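What follows is each chain in one-letter form.
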Amino acid sequence: MKESVWGYLVIVVGIVIIFVIFFFQNITNTDEHNMSLLKEVTEASMNDAIDWDIYSSDGRVRISKAVFIENFIRRFSENALLTSTYKIEFYKINEEPPLINIRVLSSESTNTVGGDGDFTLTNTINAILETDTNRPIASIE
């Protein structure tokens, strides 16, 4: 009898550990997805927002704030997870030199054995658009 109780205990502990691993793996995958999406979308949106008229006339690199925000939101929403609720906060957008500070909060909810668990993942990026002054940013044809 005593050995069978230990057997049941091992099975129950194993099931609980599997649920905990699954829960944290889901959180980690969501956080990695959000961070890589934030990096890629920020870089692409900054490149799309470059003001080519100022660059071709003066050689200065400047971005348009409105174009950046529009491109960022469009690109981010195209690739975001449908199971999450996002809040995007733009802290600082410098047009010249191009500097961006963004924070993305994603609300996640999960069903656990004891009830529902709600939590928020926060990802922050501070990006500066760097260029080599000896070579052009891109070729325009």
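A. Broad picture of the overall build of the protein chain. Looking only at helices and strands, the protein chain has three helices and three strands in total. Reading the secondary structure of the protein chain in the N-to-C direction produces α-α-α-β-β-β. For the protein chain, with 141 residues in total, the buried portion stands at 27%. Sequence-distant contacts, at least 24 apart, represent 54% of the contacts inside the protein chain between residues at least 6 apart. In the form shown here, the protein chain has an accessible surface area of approximately 9900 Å², with 56% of it arising from carbon and sulfur atoms.

B. Structural view of unusual backbone geometry. Here the residue pair E96 and P97 is connected by a cis peptide bond, since its omega of -10 degrees sits within 30 degrees of zero. With respect to the secondary-structure elements, P97 resides in the loop between β1 (85-94) and β2 (99-112).

C. Representation of the side chain of N101 within the structure. Note that N101 resides in strand β2. Not counting residues up to four positions away in its chain, the partners in contact with N101 are E89, F90, Y91, K92, I125 and N126.

D. Broad picture of a nonpolar patch on the surface. A cluster of nonpolar side chains, contributed by W6, L9, V13, I17 and I21, occupies part of the molecular surface with about 500 Å² of accessible area. On the secondary structure map, I17 appears in helix α1 (residues 2-48).

E. Structural context of the pattern of salt bridges. This model, assessed by the stated rule, comprises eight salt bridges. Ionic pairing is found between R75 and D48, a salt bridge with its closest N-O pair at 2.3 Å. Of this pair, R75 sits in helix α3 (residues 65-79) while D48 sits in helix α1, and the two are 27 residues apart along the sequence. A salt bridge links E89 to R103, with the shortest nitrogen-to-oxygen separation between them at 2.7 Å. A residue pair is termed long-range when its members are at least 10 positions apart, and E89 in strand β1 and R103 in strand β2 qualify at 14 residues. Judged by relative accessible area, E89 falls into the buried class, the value being 17%.

F. Representation of the environment of L105 within the structure. Position of L105 relative to the elements: it lies in strand β2. Take L105: its relative accessible area is 16%, and that puts it in the buried class. Distance from L105 to K87, taken between C-alpha atoms, is 5.1 Å for residues 18 residues apart in sequence.

So, how was this worked out
- Residues numbered from 1 in each chain as written.
- Predicted model: local features only at pLDDT ≥ 70, side-chain atom pairs only at ≥ 80, totals over all residues.
- Heavy atoms only, no water.
- Helix = DSSP H or I, 4+ residues; strand = E, 2+ residues; numbered from the N terminus.
- Buried < 20%, exposed > 50% of the residue type's maximum accessible area, 1.4 Å probe, protein only.
- Contact = heavy atoms within 4.5 Å.
- Areas by Shrake-Rupley, 256 points an atom, 1.4 Å probe, with all protein chains shown as cover.
- Patch = residues over 30% accessible without salt bridge, like charges linked within 9 Å, V, L, I, M, F, W, Y side chains within 5 Å.
- Salt bridge = Lys/Arg side-chain N within 4 Å of Asp/Glu carboxyl O.

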